[in-house]
Amino acid sequence: MRVQLKDIRKSYGSLEVVKGLNLDIAEGEFLVLLGESGCGKSTALRMIAGLETITQGSLMIGDRDVTEVLPKYRNVAMVFQSYALYPHMTVAENIGYPLKLQKKPKDELKKAVLAAAAKVHLEDYLERMPRQLSGGQRQRVALARAMVRTPSVFLMDEPLSNLDAKLRGVMRAELKRLQAELGVTTVYVTHDQIEAMTLAHRVAVMDAGVLQQVAPPKEIYDNPATRFVARFIGSPAMNIVTGSVADGTVAVRDGSVPLERFAPRERVSFGFRPEDCNLVAPEDGMLKARIFSTEMTGNETIVTCAIGEDHVVVRMDKDFDMEADELVGIDVNPEKARLFDYDSGERVHA
Amino acid sequence: MRDRSLFQRMFEPPSLTEMAPASRLLTYAILILWAIVVLFPLYWVFITSFKLPFQVNDGPDFIPFVDYQPSGHAWRYIFVELGNDTLRPYMNSVIIALTSTVLAVTIGSLAAYALVRIQYNVKIGTVAGFIVLLTATVFAITRFGTPWHITAVIALALFFFFATSFGRHFKRSLGNNDILFWIISNRILPPVVAVLPIYLMFQRVGLLDTHVAMIATYMAVNLPIVVWLMRDFFAGIPIDLEESAEIDGASRIRIFATIVLPLARPGLAATFLLVLILAWNEYLLALFISTADAQTMPLLVAAQNATRGPQWWYMSVLIVIMIAPIILMTILLQKHIARGLMVGAVKG
Ligand SMILES: Nc1ncnc2c1ncn2[C@@H]1O[C@H](COP(=O)(O)OP(=O)(O)O)[C@@H](O)[C@H]1O
Ligand SMILES: [Mg+2]
């Protein structure tokens, strides 16, 4: 179902942790709320679930205003970061608990539990207790419990963050396939930008309780709306160098980059991604730098260069071989460079 | 490290989770010694219940059939000759201890759960207002003879008016920890302090020497212990579980019954047992509140010491039949006191 958040705010006493959240989530959409720890993502999600009261604003699920509706009447399903399995119930009882509350007939309940368990490959574990399962299996039980009924929305609060890196990759793929299969609107909270980029139809980036940008992953990556989003998305992060704009060029310390059609500005944050620049001979480069360190990751080399005090990261191929402290020049692709207002961090357009 | 000297083998623990042979020996020696200290009186009471008076006085005789010839005379006296005089206090004890324990554990658990999950914020002004009005009410009824129901209604009305108007403007307030401390503080004073007021109260309402009086008193006395113990058990249940159940569609009562209670079972069993033992063995309050009809076992045992000097043999029989149900209860509840129920609830 469609979920609409209209200027939703949350305060604990005098502390406002969610500051005017506006989101329109389409039916069947996979929306990922992304932000640093403590930025208010969980609080936002818990307000959709009904676990936290909404201080101001309104929430619609489908055509229904649920701003003040109790959680049990919202028909949402939630996967907790901690999984929250009922430790005294078997896997089957855990998965069937929501249906049992709906007083479903026994055989129907059994069928639904089996179907949900099959979706996450847990058929052989139905009679086990949660304590007899591995972390990944517990995670699957939590997923199956959410999927056993047909909720109007799936809510997931960092469901993969307790798994090891490899398992996380596997579960990410499964989660994406399941969501597409079921077609249930999903709101997914994470601080991991890779998870956000790989899972989402649209990513909503939050910072300190304020929504920064809502857009599809590619758009977020190519056209970040603020300096925060630019720094937050991408690994290694986008390079940001402080400079000024005049006469169709951006002048930074030790060099300048031709950048037409921009109005002159005193101070500006000049950003470019590590893959949108190149290392060249010192005398040819737009910017002059010194190599700070190089890291070979296998398929590429991450080169960190120092321009004065600032660090700039450049992606080079795996055969790159230069030593630390050598002088280099950096060429930036002007088409891919982005400008942000130095004070507000807002994107500056041509 | 393959070659360890004999000294090392004896005194160095082979790993962090094992004991060295020497310390293991010492530990078991102490444990066995202590077990003897604890178990010997039980054994002594048991064999004494089968002794004749002269055997007790000539003693000490340790082993039945070898040192002395056991006799059932004391058991016959208690069960046949005294008959109802034994059975009545026994039934009284069972009824009073069980009922008061069930009530205390039920009410106390609910209170403990509320103290864990709900954040209370009582303004100090409201509390003060309540005390002032209560004092005024008592004063008015006793000094001026105003009808108690009218006075109480007026006082209540005044209290609600005060709490919802001026009371709100007080800044200082009491939280859950203050409430808990108040509840526990009821148990800090020795019961003997409260004995006289309780006696007078039941005398006034004509309930002295009844089951109701005994049950009410025991329940009230044991409630703080239940609240105090159960609060920790409830606090150990992750709130995620309850939130998850809430989203799954469970009502608050349902959550309490299907999630919280099963997970608090070890705590409930342990608390139940402790409170039951306290109620079963209680002597001082029973001495005041019950005289004949509601007399409990501890009083009966003590009474064997009375006119004819200590009747060890009869007393032993009574003690044996008094211990039996508690041991039975402990065995029954033992398997519920298992730990580690919460494993697997949260995290991987
Ligand atoms: N019950 C609460 N009382 C006061 N502050 C809270 C409460 N819950 C969360 N906060 C604060 O709100 C902010 C956002 O929390 P949260 O939504 O959990 O962040 P995250 O984005 O990491 O999920 C944090 O600074 C946290 O300290
Ligand atoms: Mg969180």
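Keep in mind it's a predicted model, so treat the numbers as computed, not measured.

Calculation notes
- Residues numbered from 1 in each chain as written.
- Chains lettered and ligands numbered in written order.
- Predicted model: local features only at pLDDT ≥ 70, side-chain atom pairs only at ≥ 80, totals over all residues.
- Heavy atoms only, no water.
- Helix = DSSP H or I, 4+ residues; strand = E, 2+ residues; numbered from the N terminus.
- Buried < 20%, exposed > 50% of the residue type's maximum accessible area, 1.4 Å probe, protein only.
- Contact = heavy atoms within 4.5 Å.
- Lys, Arg positive; Asp, Glu negative; His and termini not counted.
- Charge placed at Lys NZ, Arg CZ, Asp CG, Glu CD.
- Pairing = 2+ DSSP bridges.
- Axes fitted to C-alpha atoms, helices over the stretch in contact; angles between N-to-C directions.
- Patch = residues over 30% accessible without salt bridge, like charges linked within 9 Å, V, L, I, M, F, W, Y side chains within 5 Å.
- Areas by Shrake-Rupley, 256 points an atom, 1.4 Å probe, with all protein chains shown as cover.
- Salt bridge = Lys/Arg side-chain N within 4 Å of Asp/Glu carboxyl O.
- Phe/Tyr/Trp six-rings, centres within 6.5 Å; stacked < 30°, edge-to-face > 60°.
- Lys NZ or Arg CZ within 6 Å of the ring centre and 35° of its normal.
- Near = heavy atom within 4 Å.
- Polar contact = N/O pair within 3.5 Å; in protein donor to acceptor, adjacent residues only side chain to side chain.
- Nonpolar A, V, L, I, M, F, W, Y, C, P; charged D, E, K, R; others polar.
- pLDDT = per-residue confidence, 0-100.

## Let's talk about the overall build of chain A
Secondary structure assignment for chain A yields eight helices and 21 strands. For chain A, the spread of C-alpha atoms along the three principal axes comes to 80 × 45 × 35 Å. Buried positions account for 53% of the 350 residues belonging to chain A. For chain A, contacts bridging at least 24 residues in sequence account for 66% of all contacts bridging at least 6. Computing the positive centroid from 44 side-chain charges and the negative centroid from 49, chain A places the two 11 Å apart.

## Concerning the pairing of strand β7 (residues 153-157) of chain A
Residue and element names in this part refer to chain A. Burial analysis of β7 places five of its five residues in the buried class, the great majority of the element. Neither face of β7 is left uncovered, since the one carrying Val 153, Leu 155 and Asp 157 and the one carrying Phe 154 and Met 156 both have all their residues buried. Here four bridges tie strand β6 (residues 76-79) to β7, and the two strands are oriented parallel to one another. Bridged to Ala 77 within β7 is Phe 154.

## Overview of the sheet that holds strand β3 (residues 30-35) of chain A
Residues and elements named next belong to chain A. Taken in spatial order, the six strands make up an open sheet running β6-β7-β8-β3-β9-β10, and their pairing is mixed. Strands at the two margins of the open sheet, each flanked by one partner only, are β6 and β10 (210-215). Mean inter-strand twist for the sheet, computed between neighbouring axes without regard to direction, equals 20°. Of the pairings in the sheet, the one linking β7 to strand β8 (residues 186-190) comprises four bridges and is parallel in character.

## A word on a nonpolar patch on the surface
Residues and elements named next belong to chain B. A contiguous nonpolar patch, built from Tyr 28, Leu 31, Ile 32, Ile 36, Phe 40, Tyr 43, Phe 62, Ile 63, Phe 65 and Val 66 and spanning about 1,100 Å² of accessible area, is present on the exposed surface. Looking at the element boundaries, Tyr 28 is found in helix α2 (residues 21-48). Assessed through its relative accessible area of 48%, Tyr 28 is described here as partly exposed.

## Considerations on the packing of aromatic side chains
Describing an aromatic ring pair means giving the distance of the ring centres and the angle of the ring planes. Counted under the stated rule, the structure contains 22 aromatic pairs over all chains. With 5.4 Å between their ring centres and 15° between their planes, Phe228(A) and Phe232(A) make a pair best called stacked. Pair noted here: Phe228(A) and Phe232(A) are both in helix α8 (residues 227-232), with a separation of four residues, about one helical turn. Taken individually, Phe228(A) and Phe232(A) each receive the classification buried, so the pair is uniform in this respect. Seen in terms of ring centroids, Phe130(B) and Phe159(B) are 5.4 Å apart; in terms of plane orientation they differ by 75°. Their pairing is edge-to-face. One end of the pair, Phe130(B), is in helix α6 (residues 124-144); the other, Phe159(B), is in helix α7 (residues 148-164), and 29 residues separate them in sequence. By relative accessible area, Phe159(B) is classed as buried at 16%. Through a chain of ring-to-ring contacts, three or more aromatic side chains come together here, namely Phe40(B), Tyr43(B), Trp44(B) and Phe62(B). Sitting over the ring of Tyr342(A), Arg267(A) keeps its end group 4.1 Å from the ring centre.

## Looking at the pattern of salt bridges
Tallied over the full model, the rule gives 18 salt bridges over all chains. Taking the shortest distance from any N to any O, the salt bridge between Arg177(A) and Glu181(A) comes out at 3.1 Å. Taken together, the positions of Arg177(A) and Glu181(A), both in helix α5 (residues 165-182) and four residues apart, correspond to about one turn of that helix. Judged by relative accessible area, Arg177(A) falls into the partly exposed class, the value being 39%. Put simply, Arg117(B) and Glu242(B) hold a salt bridge, and the shortest N to O gap is 2.7 Å. Taken as a pair, Arg117(B) in helix α5 (residues 84-117) and Glu242(B) in helix α11 (residues 239-248) lie far apart in primary sequence, 125 residues in all. Where salt bridges share partners, they join Lys10(A), Arg46(A), Glu52(A) and Glu243(B) into one cluster.

## A closer look at the site of ligand 1
All names here are of chain A. Around ligand 1, the surrounding shell consists of Tyr 12, Val 17, Glu 36, Ser 37, Gly 38, Cys 39, Gly 40, Lys 41, Ser 42 and Thr 43. Residue Cys 39 places a main-chain N or O atom 3.2 Å away from an oxygen atom belonging to ligand 1. Taking Thr 43, its side chain carries an N or O atom lying 2.5 Å from an oxygen atom of ligand 1. With three residues, the single largest contributor to the shell around ligand 1 is helix α1 (residues 41-49). Split into classes, the residues belonging to the shell around ligand 1 amount to three nonpolar, five polar and two charged.

## Some thoughts on the side chain of Thr86(B)
Tracing the chain through its elements places Thr86(B) in helix α5. From its side chain, Thr86(B) meets the backbone oxygen of Ile78(B) in a polar contact 2.7 Å long.

## As for the confidence of the model for chain A
Residues with a pLDDT of 70 or more make up 100% of chain A, whose mean pLDDT is 90. Between the elements of chain A, mean pLDDT differs from a low of 85, seen in strand β13 (residues 255-258) of chain A, to a high of 95, seen in β8(A).

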